[in-house]
Each structure stands twice: as C-alpha cells, then as structure tokens.
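One-letter residues, chain by chain:
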Amino acid sequence: MASGDPVSALPRAGRPGDELLAEMTAGRSGDLDWRSGKAFSLVYNAADPSLEELQHQVASLFLHDNALNPFAYPSLAKMEGELVAMSADLLGTEARNGALTSGGTESIFCAVQTAREHARTQLGIAEPTVLLPSTAHPAFTKAAHNLDIESIRVPVDSTGRADVAATEALIDDRTALIVGSAPCYPYGSIDPIEELAALAASRGLLCHVDACLGGWLLPFWAEVTGPIQPWDLRVEGVTSLSADIHKYGYAYKGASVVLYRDRSLLKHQFFSFDDWPGGFYGSATPAGTRPAPPIAGAWATLMHLGHEGFIAKATAIAEATATIAAGIDATGDLRVLHDPDMSVLLFTSAERSITSLGAAMTKRGWKLDQVQEGLHLMVSPGHREVADQFVVDLGEAYAEAEPAAEQEAAAAPYAGRAIS
Ligand SMILES: Cc1ncc(COP(=O)(O)O)c(C=O)c1O
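Everything numeric here is computed off the predicted structure, so don't read it as measured data.

Chemist: Is there a simple way to explain the sheet that holds strand 13 (residues 374–378) in this structure?
Modeler: In spatial order, the strands read 10-11-13-12; together these four strands make up an open sheet with antiparallel pairing. Only two strands of the sheet have a single neighbouring strand rather than two, namely strand 10 (335–336) and strand 12 (369–371). As paired elements, strand 12 and strand 13 share three bridges and run antiparallel to each other. Note that in strand 13 the partner of V371 across the bridge is G374. Set on the sheet, helix 10 (residues 293–330) makes contact with strand 10, strand 11 (344–348) and strand 13; between it and strand 11 the angle comes to about 5°.

Listed below in structure tokens is the structure:
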C-alpha cells in the first residue's frame with residue numbers, strides 16, 4: 001500500500017529529499033518483491049549482483065540525457081546502432097535493418113505500421129488486415145486499433161500453436177500481415193513459423209515473428225537444451241521480428257528491437273517533417289524525446305554478459321524450469337498445458353480450484369499469475385536457487401487447496417492499469 005494521503009495538487013513549498021525518499025521507500029512495501037525470487041512475471045530476475053551494480057551506475061551516468069537528437073549524443077547513437085547490430089547478428093538479419101524501441105508494444109506497433117504502409121504503397125490494399133493466432137500478444141490488436149486497421153484472431157490448434165490451415169483459409173485480398181510468436185506469452189509455445197512464413201511468402205505478404213519474449217533466450221536455450229524449430233529471420237519468408245532486451249536480455253525496462261529482413265521495409269516506419277519553424281524533425285520510431293538510460297543500460301548489459309553470460313543464464317533457467325515442471329507433474333493432477341518450448345509454464349488442475357491453489361501459494365510468499373486456464377509462470381535465472389522450495393511449497397499448497405468449483409473466479413488482469 002502506498003503511504004501518505006493522496007496528493008491532489010502540487011505542494012506550495014517543496015519537501016526535503018530525505019523525507020520524500022523515506023516516504024517512497026515505505027510506499028514500496030506493497031510492491032512486487034522480485035528479488036525474493038518468488039515472483040514469476042514483470043521482472044526477469046538475472047540474480048546477478050555485479051550486473052545490477054553496473055546497471056545502476058550506467059543509469060545514473062546517462063540519467064538526464066536525451067536520445068531525441070543522435071547528432072548531439074554520438075555516444076548514444078553508437079550504442080543504439082550496436083544494440084541493433086548485436087540483435088540483428090543474433091536473430092538473422094543485417095546490422096542496419098532495425099531500430100531500438102522502448103519495449104515490445106512499441107516494436108510491435110512499428111511492425112504493424114510497416115505492414116500497413118507496405119500494403120498501401122506496395123500491394124495496393126487501402127484497408128489492410130492482420131491475421132493473428134489467438135495467443136498473439138494484445139499489443140497487436142492495440143497497434144491495429146491505433147493504426148485504424150483490422151486485426152483478425154485465428155483460434156490456435158489443439159497443441160496451442162497457430163493453426164496454419166485455418167490461417168490460410170482466412171487470407172483474402174485485404175490481408176497484409178501474418179503473425180506468429182516465438183514463443184507466445186500464454187503457453188510458451190512457438191508457432192509453426194516456417195509454415196506461416198511460407199504461406200505469407202507464397203502470396204507476397206509480410207510475416208512478423210513476435211520474439212519479444214524469446215528473442216534473447218531461444219538462441220542460447222537451443223545451445224543448452226538442444227535444437228528447436230527454426231523461428232527467426234533466417235526462416236525464408238519472415239520479414240520482421242520483435243525482440244525485447246528488457247525481458248530475457250536482462251536489461252532494465254525500456255529496450256526492445258524491431259528488425260526487418262530488408263531495409264526497404266524499415267523505412268516504412270520512419271517519419272520526417274521539414275515544414276516547421278522549429279527546424280527539421282525526423283524519427284525512426286513513434287517516440288520523440290527518448291530517455292538515454294535504457295539505451296546505455298541495455299548496451300552495458302549485453303556487453304557485460306556476452307555470449308557466455310547468456311549461456312550461463314539459459315542454463316540456470318533450464319534447470320529451474322525442469323525442477324518446477326517435475327514438481328508440477330509429481331502432484332499427479334496438475335498439468336502443464338501445451339508442451340512449452342521455453343521457460344514459460346501454464347499449469348492447470350482437473351481436481352483442485354486454481355484460485356484456491358494460487359491463494360495457498362500466495363500464503364507461502366509466491367506470486368503466481370492466474371489466467372483463464374490456470375497459473376502462469378515465467379522462469380528466470382533467479383529461480384534456480386528457489387526451485388526446490390517451490391516444489392515443496394506447491395505440494396503443501398496442493399494438499400491444502402479446495403476442490404475445483406464449477407465456476408472459477410475470473411482471472412486477475414494481465415496488465416490491470418485502470419482506464420477511466
Ligand atoms: C510475447 C510477447 N509479446 C509482446 C509483449 C509486450 O511487451 P512489452 O510489455 O514490453 O510492451 C510481451 C510482454 O510480455 C510478450 O510476452
């Protein structure tokens with residue numbers, strides 16, 4: 001619970017910093033405690049004190065700088081270019097074919113905007129549509145809404161993955177973009193990217209892979225756990241991809257990339273305007289003023305970890321995921337849905353109330369997200385230390401949970417920011 005009475009107007013006299021810090025620190029007591037290792041969303045806990053220390057130093061070094069004008073900040077422009085280049089190298093395109101954004105939602109917005117402009121200028125489609133698996137992140141529907149184009153959700157198949165035949169059946173002369181996820185947020189499953197991309201390519205359409213979640217883990221996951229199906233820009237027909245550095249790239253918030261197979265596509269998201277007394281204005285993404293700390297922080301994070309650091313993190317995640325999945329299985333009733341391809345587990349129960357099970361875990365300090373079909377976990381390196389305890393607590397919580405009711409309580413909001 002945030003402390004203090006609600007502020008409704010600017011105070012007449014300013015208040016001392018130490019007093020404010022004390023109040024804000026107290027106010028944080030009800031906030032998500034991700035350092036405990038008991039939370040499974042929102043923060044990807046790298047459990048790496050030296051990395052965190054570096055990130056704090058970098059954030060304060062660049063705190064007041066503005067990446068709006070790259071000519072004023074050559075150091076930021078260089079780091080930004082290198083972040084895109086490192087991502088492009090990892091994910092299968094050329095160094096110049098992308099842009100840094102503030103997060104997955106903005107990267108997806110850019111890709112949908114590009115698809116709309118490509119459809120209008122190259123395909124002659126005035127009112128383009130986007131085909132999405134039902135598991136695709138809401139950011140696609142939001143982008144389509146804000147860009148005033150239609151998005152159509154296609155139910156996924158019985159494995160929780162995009163249904164290629166059903167997608168094909170819905171392609172018409174307005175279709176501009178086909179989307180797949182690597183992996184999708186709900187189930188951690190990778191859509192059949194090669195088939196979706198082939199479908200798009202055979203009709204001259206664009207194909208976007210949402211790797212916001214997996215982009216900075218799957219390449220290392222494959223090295224640690226064994227081959228996974230091709231899913232990135234190396235797949236023929238994939239034309240764009242989003243990958244968040246602030247998720248499994250372990251940077252603090254505000255860093256993602258949108259990448260294209262071809263630089264001519266990237267240009268559809270550029271904007272410039274020279275009929276303004278304030279001077280020439282140009283931008284590569286929707287934002288104007290951009291905070292420098294996420295750029296510098298993401299750069300320092302990738303450079304500090306290096307390939308070996310990412311392998312070590314993927315190893316920790318794989319071990320924790322295996323322990324937790326085995327613990328779920330050991331109850332004999334709880335079941336992970338749709339055979340995830342990565343470190344995301346959505347599990348359900350045939351016999352117990354999921355709401356009651358979640359509450360019993362909350363009582364033991366765990367913070368699991370309840371969604372429509374069960375309890376949702378995204379495993380981070382920090383979970384390796386607590387995975388055994390999770391299994392013990394899950395067993396106890398399961399024994400304590402009430403039998404399944406006919407009607408479960410509604411799922412907690414994924415992103416419940418009040419809209420009024
Ligand atoms: C698969 C996927 N895509 C997109 C997003 C949106 O990312 P952001 O919240 O950084 O905007 C998320 C967030 O969890 C995600 O899991």
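Chemist: Just to check I follow, could you spell out the state of the cysteines for this structure?
Modeler: Disulfide: a covalent bond connecting the sulfur atoms of a pair of cysteines. Applying the stated rule across the entire model yields zero disulfides. C207 carries a free sulfur, and the closest cysteine sulfur to it, the one in C212, is 14 Å from it. For C212, which is in no disulfide, the shortest distance to another cysteine sulfur is to C110 and amounts to 11 Å.

Chemist: Explain the environment of Y281 to me, please; I cannot follow it from the model alone.
Modeler: Inspection of the secondary structure puts Y281 in strand 9 (residues 281–283). Look at Y281 and you get partly exposed, because its relative accessible area is 27%. Linking Y281 and F271, residues 10 residues apart in sequence, is a C-alpha distance of 8.2 Å. If sequence neighbours within four positions are ignored, Y281 has contacts with L68, F271, S272, F273, A287 and G288.

Chemist: What exactly am I supposed to notice about the nonpolar core here?
Modeler: Proteins that are soluble and globular tend to have nonpolar side chains buried together. With 89 residues, the main nonpolar core has I245 and L357 as its most contacted residues. Built from parts of two domains, this core gets at least three residues from each of domain 1 (58–301) and domain 2 (307–398). Setting aside residues up to four positions removed in sequence, I245 forms contacts with L83, S87, L100, W216, Y250, A251, A255, S256, V257, A298 and L302. A99, A111, A143 and L177 belong to the second-largest nonpolar core, a separate cluster that totals 23 residues.

So, how was this worked out
Residues numbered from 1 in each chain as written. Predicted model: local features only at pLDDT ≥ 70, side-chain atom pairs only at ≥ 80, totals over all residues. Heavy atoms only, no water. Pairing = 2+ DSSP bridges. Helix = DSSP H or I, 4+ residues; strand = E, 2+ residues; numbered from the N terminus. Contact = heavy atoms within 4.5 Å. Axes fitted to C-alpha atoms, helices over the stretch in contact; angles between N-to-C directions. Disulfide = S-S within 2.5 Å. Buried < 20%, exposed > 50% of the residue type's maximum accessible area, 1.4 Å probe, protein only. Core = buried A, V, L, I, M, F, W, Y, C linked by side-chain atoms within 4.5 Å. Domains from an automatic or database assignment.

Any functional reading would require information that these geometric values do not contain.
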